[in-house]
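Letter by letter, the chains look like this.
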Amino acid sequence: MPDQIEVENIQLNRGTLAQLFKLPQQMIDYLWERIDIAKKKKSCHKRELAGHISQSYKLDDPQNLVIQNLYKIVNDPGNNPKMVEFIQREIESVYRRNGTQGMLTPQLYGLWVNFQKKGEFQPIHSHDGMFSFVIWMDIPYHYKDEAKLPFAKSSLKQPPGGNFTFVTSDGISRSVVKHIIPMSPEMNGYCCFFPSDLTHQVYPFYTSDKDRI
């Protein structure tokens, strides 16, 4: 993993780990190129997703560069041992459940780009497969401005407006625990890598007329 990439660990309950890191500019530039191509092809992916959003397009990665670059970051024993250990535990869990042995090779089988407009949202959901990731390309609002809206005032210590949120069981009662990742333009170019069955959602925003990508 390149020295300039700093990884932030997000430790959730029951030993669940997610990680947050800024992607290299070269990878961001490549993704913008693929997004421009996807907008021209207009291969709709909305029917496959839970999101209540304007549009989702399939994103092609013909050179498999996205998974290669992400795998270099999350599966680097020297620089990222915590995620390497967690990935191995997850793989061993799959083996135990299926009664199989062998070696799992990382494979990317679903990549898309979402265009979310003011008032739209991603309801609570999870994904197939073992691991997922989200890359924030363009966040056109600031969570602090969302929290200042008159109807957003409440007793919550962390107002959810416009934010990305993980939701897990508290392991004790029927209650759930939320881990909010605050959204703002400062998050552009950041990636969050997490187990696919970890439920998450995106709250709507109201302070910008631009698309969240």
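Residues numbered from 1 in each chain as written. Predicted model: local features only at pLDDT ≥ 70, side-chain atom pairs only at ≥ 80, totals over all residues. Heavy atoms only, no water.

Asks: Explain the overall build of the protein chain here, please?
Replies: When helices and strands are tallied, the protein chain shows 4 helices and 10 strands. For the protein chain, the N- to C-terminal ordering of α and β elements is β-β-α-β-α-α-β-β-β-α-β-β-β-β. Taken over the C-alpha trace, the protein chain has a radius of gyration of 18 Å; the compact-globule value for 213 residues is 17 Å, and the two agree within 12%. Each of the three principal axes of the protein chain carries a C-alpha extent, and together these read 55 × 50 × 35 Å. Looking at the 213 residues of the protein chain, the share that counts as buried comes to 41%. Expressed as a percentage of contacts within the protein chain between residues at least 6 apart in sequence, the contacts between residues at least 24 apart total 74%. If you sum the accessible surface of the protein chain, you get close to 12400 Å²; carbon and sulfur atoms cover 49% of it. Across the protein chain, the centroid of the 25 positively charged side chains sits 6 Å from that of the 23 negatively charged ones. (Helix = DSSP H or I, 4+ residues; strand = E, 2+ residues; numbered from the N terminus. Rg over C-alpha atoms; globule rule 2.2 N^0.38 Å. Buried < 20%, exposed > 50% of the residue type's maximum accessible area, 1.4 Å probe, protein only. Contact = heavy atoms within 4.5 Å. Areas by Shrake-Rupley, 256 points an atom, 1.4 Å probe, with all protein chains shown as cover. Lys, Arg positive; Asp, Glu negative; His and termini not counted. Charge placed at Lys NZ, Arg CZ, Asp CG, Glu CD.)

Asks: Would you take a moment to explain the sheet that holds strand S2 (residues 16–22) for this structure?
Replies: Strand pairing in a sheet takes place through backbone hydrogen bonds and is either antiparallel or parallel in direction. Pairing is antiparallel across the open sheet formed by 4 strands, whose spatial order is S1-S2-S9-S6. Two strands lie at the open edges of the sheet, namely strand S1 (7–12) and strand S6 (131–136), each paired on one side alone. Neighbour-to-neighbour, the strand axes of this sheet turn through a mean angle of 20°, independent of strand direction. Note that S2 and strand S9 (residues 190–195) share 4 bridges and pair antiparallel. Note on S9: the bridge partner recorded for Gln 19 is Phe 193. The strands touched by helix H2 (residues 65–74) are S1, S2, S6 and S9; relative to S2, the strand with the most contacts, the crossing angle is about 115°. (Pairing = 2+ DSSP bridges. Axes fitted to C-alpha atoms, helices over the stretch in contact; angles between N-to-C directions.)

Asks: Please explain unusual backbone geometry as it appears in this structure.
Replies: The general pattern is negative phi for most residues beyond glycine and trans for most peptide bonds. Even without glycine at this site, Lys 42 takes up a positive phi of about 55°. Inspection of the secondary structure assignment puts Lys 42 in the loop between helix H1 (25–41) and strand S3 (55–58). Its identity is not glycine, yet Asn 64 carries a phi of approximately 60°, on the positive side. Topologically, Asn 64 is positioned in the loop between S3 and H2.

Asks: Please clarify how the sheet that holds strand S5 (residues 122–125) should be interpreted in this entry.
Replies: Strands sit in the order S5-S10-S7-S8 across an open sheet of 4 strands; the sheet is antiparallel. Sheet topology places S5 and strand S8 (176–181) at the edges, where each strand pairs with a single neighbour. Sheet twist, expressed as the average angle between the axes of neighbouring strands with direction ignored, equals 20°. Sheet analysis places strand S7 (residues 164–169) next to S8, joined by 6 bridges and oriented antiparallel. Following the sheet pairing, Thr 168 is matched in S8 by Val 177.

Asks: Hey, could you run me through the pairing of S6 in this one?
Replies: Side chains on a regular strand alternate between the two faces of the sheet. By the criterion of burial, S6 is predominantly enclosed, with 5 of the 6 residues buried. Relative to S9, S6 runs antiparallel, the two sharing 6 bridges. Within S9, the residue paired with Trp 136 across the bridge is Tyr 190.

Asks: Just to check I follow, could you spell out the nonpolar core for this structure?
Replies: Soluble globular proteins tend to bury their nonpolar side chains together. One finds Phe 21, Leu 23, Val 66, Leu 70, Val 113 and Phe 133 to be the most contacted residues of the largest nonpolar core, which totals 30 residues. Elements represented by at least two residues in this core include exactly S2, H1, H2, helix H3 (81–98), strand S4 (112–115), S6 and S9. A per-element tally of this core places H1 first, with 6 residues. Ignoring any residue separated from it by four or fewer positions in sequence, one finds Phe 133 in contact with Val 66, Leu 70, Leu 108, Leu 111, Cys 191, Cys 192, Phe 193 and Phe 194. The next biggest cluster of nonpolar side chains, apart from the first, holds 18 residues, and it includes Ile 139, Met 183, Leu 198 and Phe 205. (Core = buried A, V, L, I, M, F, W, Y, C linked by side-chain atoms within 4.5 Å.)

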